[in-house]
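Here is how the chains run, residue by residue.
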Amino acid sequence: MILYFSATGNNKYCAEYIASKTGDKKIISLNDMIKNNVYEIDCSGEERLGIVAPTYDFDLAYVVADFLEGLEFQNLSEEIYSYGIITCGSGSGNSENSLREILGRKKINLNAAFIVIMPDNYVLAFKQKSPEKKSKTLAEADEKLKEISEIISAKKDTPAKKSKLPKILTWAVRKFFIPYQKKVKGFSVNENCIGCGLCEKVCPMNIIKLENKKPVWTKDNCACCLACIHRCPKQAINRSGSAKNGRYLNPNVKF
């Protein structure tokens, strides 16, 4: 079983790649579970439990961390092999430690954890890199995923890695940024909008509603996943200057 959270396809791709190599049949979107308020999952007969999630603000994406804290793993074997794959644009910060601690509170031992560099999609602050650089990053990610799949298939443990960032620094950064990121002020939609409703559909927090065929962000509970921005077919949605920084979707994924 592989659980993944993915806004632009990077983590979905990782999950599908690993599943294709390990033979895992059950690949489950955390986006859908969060959106539909599903906090129980049946692990009957599962030999492996994989969690694929992104890094936000030098730590495990807060939307994933909050969800996992409340998720009940039913019929979980004590012998299950569990692993995490953390994706990031450059550094994963405290993500591995946070995932290990969350699972530990549920009496689940994290046998292995891996970091995979993928093209960054945080266009609120960074411009998209050139197509050549993104292609190079994706090719290197494939090589990394190949190595990871071999370790997972063999159910090997990896040593726990300590974050190079002091935990207090990570805490301070998130304390400042998370309240800002959850706010919906700054979202806008331009005349290119066709009222298709895809933004409403892909929002895991259910805070986007169409009014007069235009999206409206209804409350300050944004996951800051930016799915609405990147997946808009007309690039009609922007937030805080994102328009000048481009858009990104993993080219190897179908939504």
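Here's a quick rundown of the structure. Worth saying up front: this structure is predicted, and the values here are computed from it rather than measured.

This paragraph deals with the packing of helix 3 (residues 62–70) against helix 4 (residues 95–105). Close contact between helix 3 and helix 4 brings their axes to 9 Å; oriented N to C, the two are set at 15°. Comparing their axes, helix 4 and helix 3 come out roughly parallel. Seen along the crossing, helix 3 lies across helix 4 with a hand that is right-handed. Contacts between helix 3 and helix 4 pair Ala65, Leu68 and Glu69 from the former with Leu99, Ile102 and Arg105 from the latter.

What follows deals with the pairing of strand 8 (residues 112–117). Summarising the sheet, strand 7 (residues 81–88) and strand 8 pair through six bridges and their orientation is parallel. Within strand 8, the position partnered with Ile85 by the bridge is Phe114. This β-α-β element, strand 7 to helix 4 to strand 8, shows right-handed connectivity.

With that out of the way, let us pick up the environment of Lys209. By the element assignment, Lys209 lies in strand 10 (residues 208–211). Judged by relative accessible area, Lys209 falls into the partly exposed class, the value being 36%. Residues within four places of Lys209 in sequence aside, it is in contact with Glu200, Lys214, Pro215, Val216 and Thr218.

The final tally for this structure, using the stated rule, is seven salt bridges. With a shortest N-O distance of 3.3 Å, Asp24 and Arg48 are connected by a salt bridge. With Asp24 in the loop between helix 1 (10–22) and strand 2 (27–29) and Arg48 in strand 4 (residues 48–56), this pair connects stretches of sequence that are 24 residues apart. In this structure Asp24 comes out as buried when scored by relative accessible area, which is 12%. Among the ionic pairs, Glu96 bridges to Arg100, the shortest N-O distance being 2.7 Å.

What counts and how
- Residues numbered from 1 in each chain as written.
- Predicted model: local features only at pLDDT ≥ 70, side-chain atom pairs only at ≥ 80, totals over all residues.
- Heavy atoms only, no water.
- Axes fitted to C-alpha atoms, helices over the stretch in contact; angles between N-to-C directions.
- Helix = DSSP H or I, 4+ residues; strand = E, 2+ residues; numbered from the N terminus.
- Parallel < 35°, antiparallel > 145°, perpendicular 65-115°, else oblique.
- Left-handed = near helix turned anticlockwise from the far one by under 90°.
- Contact = heavy atoms within 4.5 Å.
- Pairing = 2+ DSSP bridges.
- Right-handed = clockwise from strand over helix to strand, strands pointing away.
- Buried < 20%, exposed > 50% of the residue type's maximum accessible area, 1.4 Å probe, protein only.
- Salt bridge = Lys/Arg side-chain N within 4 Å of Asp/Glu carboxyl O.

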